Amino acid sequence: MRLPFTGRTCVVVAISRLCMALAGTLGAAWQGWHMLMRVRNCNGSGCMGCAKGCRMGMNVVCLDLEGVLAPEIWIAFADAAGVPDLRRTTRDEPDYDKLMQFRLDVLRRHGLGLPQIQEVIAGIDPVPGAKEFLDDLRATTQVIIISDTFEQFAQPIMAKLGWPTIFCNTLEVADDGTITGHRMRCDQTKLTTVRALHSCGFETIASGDSYNDLGMIKASKAGFLFRSTLSIKAEH
């Protein structure tokens, strides 16, 4: 599907219209975009259908991966392995290092490692309509997926999404497949990334669903909290 965007159409409006237009094909998984209207650099009247329009060429859309474009990997693995403790995600725990240490401790107790997780990931498909959404969005503006997942997890899903750009992290893995640790690209990876884009002259529009997305959403020109928890929505 292609929407009739024009050079005078604010990219925030373009994305929100695209989300609404795709709602029928995306189904329930794409319902509930909660706009956090943080537009600061609009030349018109607040960007929601502004008459004057906004600058189009300097925008980068930054999207979370899990819970937005694809199902949560750890939840899928928890269900497949029969280990409910691994269902805990960044929606439940805002401290990512604490969450990962908890996950690695659970994996060690159950004798599970990277090969078993990758076997489950191979069977994970993107959210219905996600690839079409990305294709249309990338035809309109630049898109980067900014995720706290790991390169050892992301590749099969990126292939199914048409190989969009992703910034993520990496796992430390022993020869026997045991995950011994994790390495983040930088502190506060998502917020740091959007700030770096701002320093290069770009404006960002961000969307995510969890505690670790709030930094980039709040720092961006506009943000969308997507299918988040009631507690996160109430707090933010």
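One structure accompanies this document, and this report is about it.

Calculation notes
Residues numbered from 1 in each chain as written. Predicted model: local features only at pLDDT ≥ 70, side-chain atom pairs only at ≥ 80, totals over all residues. Heavy atoms only, no water. Helix = DSSP H or I, 4+ residues; strand = E, 2+ residues; numbered from the N terminus. Buried < 20%, exposed > 50% of the residue type's maximum accessible area, 1.4 Å probe, protein only. Contact = heavy atoms within 4.5 Å. Areas by Shrake-Rupley, 256 points an atom, 1.4 Å probe, with all protein chains shown as cover. Phe/Tyr/Trp six-rings, centres within 6.5 Å; stacked < 30°, edge-to-face > 60°. Pairing = 2+ DSSP bridges. Arc of directions from axis to C-beta.

**Concerning the overall build of the chain**
Next, step 1: Looking only at helices and strands, the chain has 10 helices and 7 strands in total.
Next, step 2: Burial statistics for the chain: of 236 residues in total, 49% are counted as buried.
Next, step 3: Taking all contacts inside the chain whose residues are at least 6 apart in sequence as the whole, residues at least 24 apart take part in 63%.
Next, step 4: Summed over all atoms, the accessible surface of the chain reaches about 10800 Å², with 51% contributed by carbon and sulfur.

**With respect to the packing of aromatic side chains**
Next, step 1: By the definition in use, this model includes 2 aromatic pairs.
Next, step 2: Ring geometry for W74 and F153: centres 5.7 Å apart, planes at 65°, overall edge-to-face. Note that W74 is positioned in helix α3 (residues 73-81) and F153 in helix α7 (residues 151-160), a separation of 79 residues in sequence.
Next, step 3: On the numbers, 5.7 Å between centres and 90° between planes, the contact of F150 with F153 is edge-to-face. Of the two residues, F150 and F153, neither departs from the other in class, the shared state being buried.

**Concerning the pairing of strand β2 (residues 59-63)**
Next, step 1: Extensive coverage of β2 is indicated by the burial of 5 of its 5 residues.
Next, step 2: A two-sided burial pattern is seen for β2, the buried positions comprising N59, V61 and L63 on one face and V60 and C62 on the other.
Next, step 3: When β2 meets strand β6 (residues 203-208), the two strands line up parallel, connected through 5 bridges. Residue L63 lies in a different strand from β6, and its bridge partner there is S207.
Next, step 4: Pairing analysis gives 4 bridges linking β2 to strand β3 (residues 142-150), with the strands arranged parallel. From the neighbouring strand, V61 faces β3, where its bridge partner is V143.

**Points about helix α5 (residues 114-121)**
Next, step 1: Considered for burial, the residues of α5 that qualify are L114, I117 and I121. Projection of α5 onto a plane perpendicular to its axis shows the buried side chains occupying an angular sector of 65°, all on one side.
Next, step 2: Next to the buried residues of α5 lie α3, α4 (96-110), α7, β4 (166-173) and β5 (179-183).

Any link to function would need more than the numbers given here.
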